[in-house]
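Here's the letter readout for the chains.
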Amino acid sequence: MSDYWDLPEQDYELSLLQFAKKELSDMGYTVLSEKVEVCSGAGAMTLTAILQKEDMAFGLYIHDGPKQRKTRGPPIIWMLRLLPGMKTADDLRNFILTHQHDFSITLAAENTILKDRKEAKLKKIYTFLYNSKIKDLYDNDLSSAADVLRVRLRKEATEFQALS
């Protein structure tokens, strides 16, 4: 997306972090790039983003959905280090897809204390987003959750932009 906080340019582009702009800003985070993918059916969601705090950019990976919560527990929320050349969420997502089995090791943050602190803060933000945008879908009709979530994120993005 050319202007992150603007309405996504294409019908298939979605943004979730725009709804936590204030919370992210209050914690000192700037979102440089975001990619949200919603799988069909029950609406499993994967979010990859590049965030910056002060002079440090890092990757964010979130995977969540009804199956994830049912079989594996809470959502996956990881802070990842960026390799040289990773400038956008698409770059990060492509690396993750290419290295599905070892990306979390390859991109593991070197400073585990900082990683744990950032992940705890990002978990709070994601919990806010989950409770306000997603939870009701997973609690009700799972067969159409993905379609409803796509429409909700695009429709509310339009409304959010109009209010800004």
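Right above here is the structure, for reference.
Everything quoted here is computed from the prediction, not taken from an experiment. (Residues numbered from 1 in each chain as written. Predicted model: local features only at pLDDT ≥ 70, side-chain atom pairs only at ≥ 80, totals over all residues. Heavy atoms only, no water.)

(A) Highlighting the overall build of the chain. What the chain contains, in helices and strands, is six helices and four strands. Order of helices (α) and strands (β) in the chain, N terminus to C terminus: α-β-β-β-α-β-α-α-α-α. Considering only intrachain contacts with a sequence separation of at least 6, the fraction spanning at least 24 residues in the chain is 55%. Summed over all atoms, the accessible surface of the chain reaches about 9,000 Å², with 52% contributed by carbon and sulfur. (Helix = DSSP H or I, 4+ residues; strand = E, 2+ residues; numbered from the N terminus. Contact = heavy atoms within 4.5 Å. Areas by Shrake-Rupley, 256 points an atom, 1.4 Å probe, with all protein chains shown as cover.)

(B) A look at the sheet that holds strand β4 (residues 76–80). Sheet architecture is open: four strands sit in the order β1-β2-β3-β4, paired in antiparallel fashion. Edge strands, defined here as strands with exactly one partner in the open sheet, are β1 (29–38) and β4. Each strand of the sheet is rotated relative to its neighbour by a mean of 15°, with strand direction disregarded. Sheet topology places β1 next to strand β2 (residues 45–53); nine bridges connect them, and they run antiparallel. Residue pairing in the sheet places Glu-34 in a bridge with Ala-49 of β2. (Pairing = 2+ DSSP bridges. Axes fitted to C-alpha atoms, helices over the stretch in contact; angles between N-to-C directions.)

(C) Representation of the pairing of β2. β2 sits mainly inside the fold: eight of its nine residues count as buried. Inspection of the sheet shows β2 paired to strand β3 (residues 56–64) by nine bridges, in the antiparallel sense. Opposite Met-45, over in β3, you have Asp-64 as the bridge partner. (Buried < 20%, exposed > 50% of the residue type's maximum accessible area, 1.4 Å probe, protein only.)

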